[in-house]
Amino acid sequence: MIRSLARLSAHIQMLPILESGEETLVGGQAVMEGVMMRSPHSYCVAVRKSSGEIVTEENPLARVSEKYPAFKLPVLRGLGTLGQAMWLGIKALQFSTHVMIQEETKGEEKPAELKPWMMWVTLGFSLLFFLFMYKFVPLLLATEIGRTFPSMHGRLTVNLMDGVLRLVIFLSFLFVLSMMKDIRRTFEYHGAEHKVVFNYESGQPVTVENAQKFVTFHPRCGTSFLMVVMILAILVYPLLPFDGFLAKFLGRIALLPLILGVSYELIRFAAKHQQGLMAILTTPGLWLQRVTTKPPSDDQTAIAIHALQGAMELEKTQGGELVIA
């Protein structure tokens, strides 16, 4: 139980990396021992038990922009899409964690289950960890460096150091996590998800054999989006007219929704204009996917296909066209 909750907390921290935050025809996310795939109006989570049995959860899912027209506006549409993606990602992780807890306590007189309060506590801890690790710590370190070295005490210098330190902390944390066996398996499922999406988008029949021919690096991955967010934050935070630590800290939190919305628009624009300077936006994320995606086994790729088929079958009942082979 404790191990599963710890894995859930780690996966929540990586949620922006593992999921696609765009309104696309097909996208997905790696979960514990499985994959979640979504179509325009449906999603399916497929998880493989230790026995080899595949368990799924699928539900219809309306686009947030269809339910709330305000989220069709620039910047706001990014916030709506990303908010829904995070919510769906947490639901998918909750399902896979529940399956893993059942696996761990299998054979016991009273198998454990993931209770709502456990999920809320884990979410609360993950949010506080995020604010502490990526907002408080880098700003504190940059401020202390500025005090120690007068030549680096300027507002611009401190804010730039804060951004660079945030990026270093993030990359270091990600590298450490990637060394863990459980997380590496999740990165393999992440690679499986990308391969199957590439296979689907190619128009070829979606099979394990065909999917394995594709690379694991996908430009629409959340990893690319997160790198854009971090780079944009480095450019924006120095513009804050604050010198006090608390004011700068609160300013960073307040500006986060705007930075997320603008980053979404940049990624959206870059996706439609692959040539030129805008194409550079996705390049750091593609490099980083060498860490966050790993070559999957055939069984892992089959799970991603199973999830995609489940989502597309449900999409057909929602009025969508079944276009998967």
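Residues numbered from 1 in each chain as written. Predicted model: local features only at pLDDT ≥ 70, side-chain atom pairs only at ≥ 80, totals over all residues. Heavy atoms only, no water.

## Some details on the overall build of the protein chain
- Of regular secondary structure, the protein chain possesses 12 helices and 4 strands.
- Classification of the 325 residues of the protein chain by burial places 51% in the buried group.
- Across the protein chain, every contact between residues at least 6 apart in sequence was considered, and the portion connecting residues at least 24 apart equals 69%. (Helix = DSSP H or I, 4+ residues; strand = E, 2+ residues; numbered from the N terminus. Buried < 20%, exposed > 50% of the residue type's maximum accessible area, 1.4 Å probe, protein only. Contact = heavy atoms within 4.5 Å.)

## Examining the packing of helix α6 (residues 155-178) against helix α11 (residues 283-292)
- It is the contact of α6 with α11, at a shortest axis distance of 10 Å, that shows an interaxial angle of 30 degrees. The pairing of α6 with α11 is recorded here as roughly parallel in orientation. Residue-level contacts link Phe170, Leu171, Leu174 and Ser178 of α6 to Leu288, Val291 and Thr292 of α11.
- The class makeup of the residues in the contact of α6 with α11 is 5 nonpolar, 2 polar and no charged. (Axes fitted to C-alpha atoms, helices over the stretch in contact; angles between N-to-C directions. Parallel < 35°, antiparallel > 145°, perpendicular 65-115°, else oblique. Nonpolar A, V, L, I, M, F, W, Y, C, P; charged D, E, K, R; others polar.)

## Remarks on the packing of helix α7 (residues 181-202) against helix α12 (residues 298-317)
- One can describe the packing of α7 onto α12 by two numbers: an axis separation of 8 Å at closest approach and a directional angle of 55 degrees. By the criterion of interaxial angle, the relationship of α7 to α12 is oblique. Relative to α12, the crossing made by α7 is right-handed. On the side of α7, the interface is formed by Arg185, Glu188, Tyr189, Ala192, Glu193, Val196 and Tyr200, while α12 contributes Gln300, Thr301, Ile303, Ala304, Ile305, Leu308 and Met312.
- Taken together, the residues of the contact of α7 with α12 sort by class into 9 nonpolar, 2 polar and 3 charged. (Left-handed = near helix turned anticlockwise from the far one by under 90°.)

## Structural notes on the environment of Phe173
- With respect to the helices, strands and loops of the structure, Phe173 is situated in helix α6.
- What makes Phe173 partly exposed here is its relative accessible area of 23%.
- In this structure, the C-alpha to C-alpha distance between Phe173 and Met133, residues 40 residues apart in sequence, is 9.6 Å.

## Details of the packing of aromatic side chains
- Applying the stated criterion to the full structure yields 10 aromatic pairs.
- Where Phe132 meets Phe136, the ring centres are 5.7 Å apart and the plane angle is 20 degrees; that geometry is what we call stacked. Placement of both Phe132 and Phe136 in helix α5 (residues 116-148) is noted, with a separation of 4 residues, approximately one turn of the helix.
- Among the residues examined, Phe136 registers a relative accessible area of 28% and is labelled partly exposed.
- With a centroid separation of 6.0 Å and 90 degrees between ring planes, the pair formed by Phe136 and Phe249 is classed as edge-to-face. One end of the pair, Phe136, is in helix α5; the other, Phe249, is in helix α10 (residues 245-272), with 113 residues separating them in the sequence.
- Given a relative accessible area of 16%, Phe249 falls into the buried group.
- Chaining the aromatic ring pairs together yields one cluster made of Phe132, Phe136, Phe245 and Phe249. (Phe/Tyr/Trp six-rings, centres within 6.5 Å; stacked < 30°, edge-to-face > 60°.)

## Observations regarding α6
- Taking 1.5 Å of rise per residue, the 24 residues of α6 would be expected to cover 34 Å, and the 35 Å separating its terminal C-alpha atoms lies within 8% of that figure.
- Regarding α6, the residues found buried are Val158, Asn159, Met161, Asp162, Gly163, Arg166, Ile169, Phe170, Leu174, Leu177 and Ser178. (Expected span 1.5 Å × (residues − 1).)

## A word on the pattern of salt bridges
- What the rule picks out here adds up to 6 salt bridges.
- The closest approach of N and O atoms between Glu265 and Arg77, which form a salt bridge, is 2.7 Å. Of this pair, Glu265 sits in helix α10 while Arg77 sits in helix α4 (residues 76-104), and the two are 188 residues apart along the sequence.
- Three or more residues are tied together by salt bridges with common partners; here these are Asp162, Arg166 and Arg252. (Salt bridge = Lys/Arg side-chain N within 4 Å of Asp/Glu carboxyl O.)

## Points about the nonpolar core
- Ranked by size, the top nonpolar core spans 18 residues in total, and within it Met37, Val196 and Leu308 carry the most contacts.
- Counting residues per element, the ones that place at least two in this core are β2 (34-39), α7 and α12.
- Here the element with the most residues in this core is α12; it accounts for 6 residues.
- What Val196 contacts, discounting residues up to four positions off in sequence, is Met37, Val206, Ala211, Thr301, Ala304, Ile305 and Leu308. (Core = buried A, V, L, I, M, F, W, Y, C linked by side-chain atoms within 4.5 Å.)

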